[in-house]
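Here are the chains, one letter per residue:
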Amino acid sequence: MKALILVDIQTDFLPGGTLAVPDGDAIIPVVNALQAKFPLVVATQDWHPANHGSFAVNHAGKNVFEQIVLKGLPQTLWPAHCAQGTPGAELATGLQQERIAKIFPKGTDAGIDSYSGLFDNGHRKSTGLGEWLKEKGVTEVFVCGLATDYCVKFTALDAAQLGFTTHFIEDASRGVNLQPDDVKNAVAEMNRAGITTVQSADLLTRL
Ligand code: VGL
Ligand code: ZN
């Protein structure tokens, strides 16, 4: 069975949000159209406590986008975003939610970030998403959302590593591009890991 994984399509990642992904809102109609093509739709939700170690504001004297070491792991510092219970953490208002079977929160531990929707950045704890997909009989996943060069990429890489046939839906995703080639490099890295790049139009006509 095929599943559609919607990664972090949340208000703070849309234009006007605290960690806005350029053009991030353009994916919403695309994602809404895609949902009807899948028997199973699942979403991840970046869901940080206010004291999260990825927030620059929680490190005296540090600036956003600086690199630090957080409990032994490299960490980019971000503007505070997707703080639990805030409007910015909600799934985007334009996103159709009736067909989302389950939402998996991630990044809930203040001491470690979780770009992937499947594991934290140290690969120590599972979010339960991989196990849940396997229980449902899913063998093939289509990953899209925000942001291509962080959470979408790491979700797709982990899914592939768990043995799912994995696809990245390019036009249903947007990236941050802190460095100008980050999105391009992320797509190349996914492709090297056996993840195929697909476009929504192929799925809308084929599936
Ligand atoms: C993300 C940076 C920090 C993402 C989440 O969803 O790609 N990026 N937290
Ligand atoms: Zn985050």
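A.B. asks: Looking at this structure, how should I read helix α1 (residues 27–35)?
C.D. replies: Count 3.6 residues to each turn of an α-helix, and residues three or four apart come out pointing the same way. Along α1, seven of the nine residues are buried, which leaves the element largely enclosed by surrounding structure. Within α1 the residues assigned to the buried category are Ile27, Ile28, Val30, Val31, Asn32, Leu34 and Gln35. Tucked into the core, α1 has its buried residues touching β1 (2–7), β2 (40–46), β5 (100–106), β6 (140–146), β7 (165–174) and α5 (200–206).

A.B. asks: Help me out: how do you make sense of the site of ligand 1 in this one?
C.D. replies: The immediate surroundings of ligand 1 are formed by Asp8, Phe13, Leu19, Asp46, Trp78, His81, Tyr115, Leu146, Ala147, Tyr150 and Cys151. For ligand 1, a nitrogen atom lies 3.1 Å from a polar atom in the side chain of Asp46. Note that an oxygen atom of ligand 1 is positioned 3.0 Å from one of the backbone N or O atoms of Ala147. Within the complex, 99% of the 260 Å² of free accessible area of ligand 1 lies under protein. Here the residues of the shell around ligand 1 sort into eight nonpolar, one polar and two charged.

A.B. asks: Whenever I open this one, the coordination of the zinc ion (ligand 2) confuses me. Can you help?
C.D. replies: When a metal holds four donors in a tetrahedron, each ideal angle between them is 109.5 degrees; when it holds six in an octahedron, the ideal angles are 90 or 180 degrees. In the first shell of the zinc ion (ligand 2), the protein supplies Asp46 (OD), His48 (NE2) and His81 (NE2), at 2.0 to 2.2 Å from the metal. Here the zinc ion (ligand 2) is ringed by four donor atoms whose angles at the metal span 87 to 171°, and the overall shape comes out irregular. Read in sequence order, the donor residues coordinating the zinc ion (ligand 2) give the pattern D-x1-H-x32-H. For the pair Asp46 and His48, one class covers both residues: buried.

A.B. asks: Even after reading the chapter, I still don't get the side chain of His48, so can you show me in this structure?
C.D. replies: Structurally, His48 is set in the loop between β2 and β3 (67–70). For His48, the side chain forms a polar contact with the side chain of His81, separated by 3.1 Å. Not counting residues within four places of it along the chain, the set of residues in contact with His48 comprises Ser54, Phe55, His81, Cys82, Ala83, Gln84, Lys106, Gly107 and Asp113.

A.B. asks: Just to check I follow, could you spell out the pattern of salt bridges for this structure?
C.D. replies: When charged atoms on two side chains of opposite charge get close, those side chains can pair. In total, this model carries six salt bridges according to the counting rule given. Salt bridges here are not isolated pairs; linked through shared partners, they connect Asp8, Asp46 and Lys106.

Scoring rules and cut-offs
- Residues numbered from 1 in each chain as written.
- Chains lettered and ligands numbered in written order.
- Predicted model: local features only at pLDDT ≥ 70, side-chain atom pairs only at ≥ 80, totals over all residues.
- Heavy atoms only, no water.
- Buried < 20%, exposed > 50% of the residue type's maximum accessible area, 1.4 Å probe, protein only.
- Helix = DSSP H or I, 4+ residues; strand = E, 2+ residues; numbered from the N terminus.
- Contact = heavy atoms within 4.5 Å.
- Near = heavy atom within 4 Å.
- Polar contact = N/O pair within 3.5 Å; in protein donor to acceptor, adjacent residues only side chain to side chain.
- Areas by Shrake-Rupley, 256 points an atom, 1.4 Å probe, with all protein chains shown as cover.
- Nonpolar A, V, L, I, M, F, W, Y, C, P; charged D, E, K, R; others polar.
- Donors = N, O, S within 2.8 Å, 3.2 Å for Na, K, Ca; no water.
- Tetrahedral: all angles 85-135°; square planar, octahedral: opposite > 155°, others 65-115°.
- Salt bridge = Lys/Arg side-chain N within 4 Å of Asp/Glu carboxyl O.

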